Amino acid sequence: MIAKSAMDESWAAEIEDPTGEVLVVIEGLVMYLTEADVKKILSIICSRFEHAEIIMEIMNPFIMRHMKEKSIEASKARFTWGQKSGKELESMVSGLTWVKDVSLVEGMKELYPVYKLLGWIQPVKNLSNKLVILRK
């Protein structure tokens, strides 16, 4: 856990062994950033680490434009960027390989049984936030 801005390249230098395997988790962040900011974060990761696995939460653009998150309303924060699939991220930064997307509906099935039924409805699954797994 590093308490710096994700766009500040110095955080990556604090990782001692850039040749080892690294897991980077980016959760609840990129939907508030611009595409350029997301590209910069991924570029920092790809330029610093030889072997990185990235797990990143993404939001569908339709939901991003039409959803208001009650937990952030008071802060006036806005969703600004979304992707339908992590496959689209492969072309943002050289060296990234998309592995898979996992709909958050899958995890919700464990918490709320109604999602077992909702998970069968393809539009629900497609519009849900996803965890994207990328490798460098």
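To start, this report covers the structure provided alongside it. (Residues numbered from 1 in each chain as written. Predicted model: local features only at pLDDT ≥ 70, side-chain atom pairs only at ≥ 80, totals over all residues. Heavy atoms only, no water.)

On a plain count of helices and strands, the protein comes out with six helices and four strands. Sequence-ordered secondary structure for the protein, helices as α and strands as β, is α-β-α-β-α-β-α-α-α-β. Rg of the C-alpha trace for the protein: 16 Å, near the compact-globule value of 14 Å for 136 residues, within the 12% margin. Residues counted as buried form 35% of the 136 residues belonging to the protein. Nonlocal contacts in the protein, meaning residues at least 24 apart in sequence, comprise 72% of its contacts between residues at least 6 apart. About 8,500 Å² of surface is accessible on the protein, with carbon and sulfur atoms providing 56% of the total. Averaging the coordinates of the 18 positive side-chain charges in the protein and doing the same for the 19 negative ones gives two points 8 Å apart. (Helix = DSSP H or I, 4+ residues; strand = E, 2+ residues; numbered from the N terminus. Rg over C-alpha atoms; globule rule 2.2 N^0.38 Å. Buried < 20%, exposed > 50% of the residue type's maximum accessible area, 1.4 Å probe, protein only. Contact = heavy atoms within 4.5 Å. Areas by Shrake-Rupley, 256 points an atom, 1.4 Å probe, with all protein chains shown as cover. Lys, Arg positive; Asp, Glu negative; His and termini not counted. Charge placed at Lys NZ, Arg CZ, Asp CG, Glu CD.)

Time to look at the environment of E106. In this structure, E106 sits in helix 4 (residues 104–111). Sequence separation of E106 and L118 is 12 residues, and the distance between their C-alpha atoms is 9.9 Å.

What follows concerns the side chain of Q83. The residue Q83 is located in the loop between helix 3 (61–66) and strand 3 (97–103) in this model. In contact with Q83, other than residues within four places in its own chain, are I58, M59, N60, P61, E88 and L89.

Moving on, we come to the sheet that holds strand 2 (residues 51–58). Judged by pairing direction, the sheet is mixed, and its four strands sit side by side in the order 1-2-4-3 without closing on themselves. One side of each edge strand has no neighbouring strand; the edge strands of this open sheet are strand 1 (21–26) and strand 3. When strand polarity is set aside, the average angle formed by the axes of neighbouring strands in this sheet is 15°. Bridge analysis of strand 1 against strand 2 gives six bridges, and the strand direction is parallel. Residue pairing in the sheet places I26 in a bridge with M56 of strand 2. (Pairing = 2+ DSSP bridges. Axes fitted to C-alpha atoms, helices over the stretch in contact; angles between N-to-C directions.)

So, on to the environment of K130. Structurally, the position occupied by K130 is in strand 4 (residues 130–135). Once the C-alpha coordinates of K130 and I58 are considered, the two residues, 72 residues apart in sequence, prove to be 5.4 Å apart. Those residues in contact with K130 that lie beyond four places of it in its chain are M56, E57, I58, K84, D101, V102, S103, L104 and K125. One polar contact links the side chain of K130 to the main-chain carbonyl oxygen of S128, over a distance of 3.5 Å. (Polar contact = N/O pair within 3.5 Å; in protein donor to acceptor, adjacent residues only side chain to side chain.)

For the rest of this paragraph, the subject is a nonpolar patch on the surface. Among the surface-exposed residues, L111, Y112 and V114 lie close enough to one another that they form a single nonpolar patch of about 320 Å² accessible area. Following the sequence through the fold, Y112 ends up in the loop between helix 4 and helix 5 (114–118). (Patch = residues over 30% accessible without salt bridge, like charges linked within 9 Å, V, L, I, M, F, W, Y side chains within 5 Å. Salt bridge = Lys/Arg side-chain N within 4 Å of Asp/Glu carboxyl O.)

Taken as a whole and assessed by the stated rule, the structure comprises two salt bridges. One salt bridge in this structure joins E53 and R135, with 2.8 Å as the shortest N-O distance. One end of the pair, E53, is in strand 2; the other, R135, is in strand 4, with 82 residues separating them in the sequence. The partner of E90 in a salt bridge is K87, and the shortest N-O contact between them spans 2.8 Å.

Next up on the list: the packing of aromatic side chains. Evaluated as defined, the whole model comprises one aromatic pair. Geometrically, the ring pair formed by Y32 and F79 is tilted, given 5.2 Å between the ring centres and 40° between the ring planes. You can see Y32 sitting in the loop between strand 1 and helix 2 (35–48) and its partner F79 sitting in the loop between helix 3 and strand 3, a full 47 residues away along the chain. (Phe/Tyr/Trp six-rings, centres within 6.5 Å; stacked < 30°, edge-to-face > 60°.)

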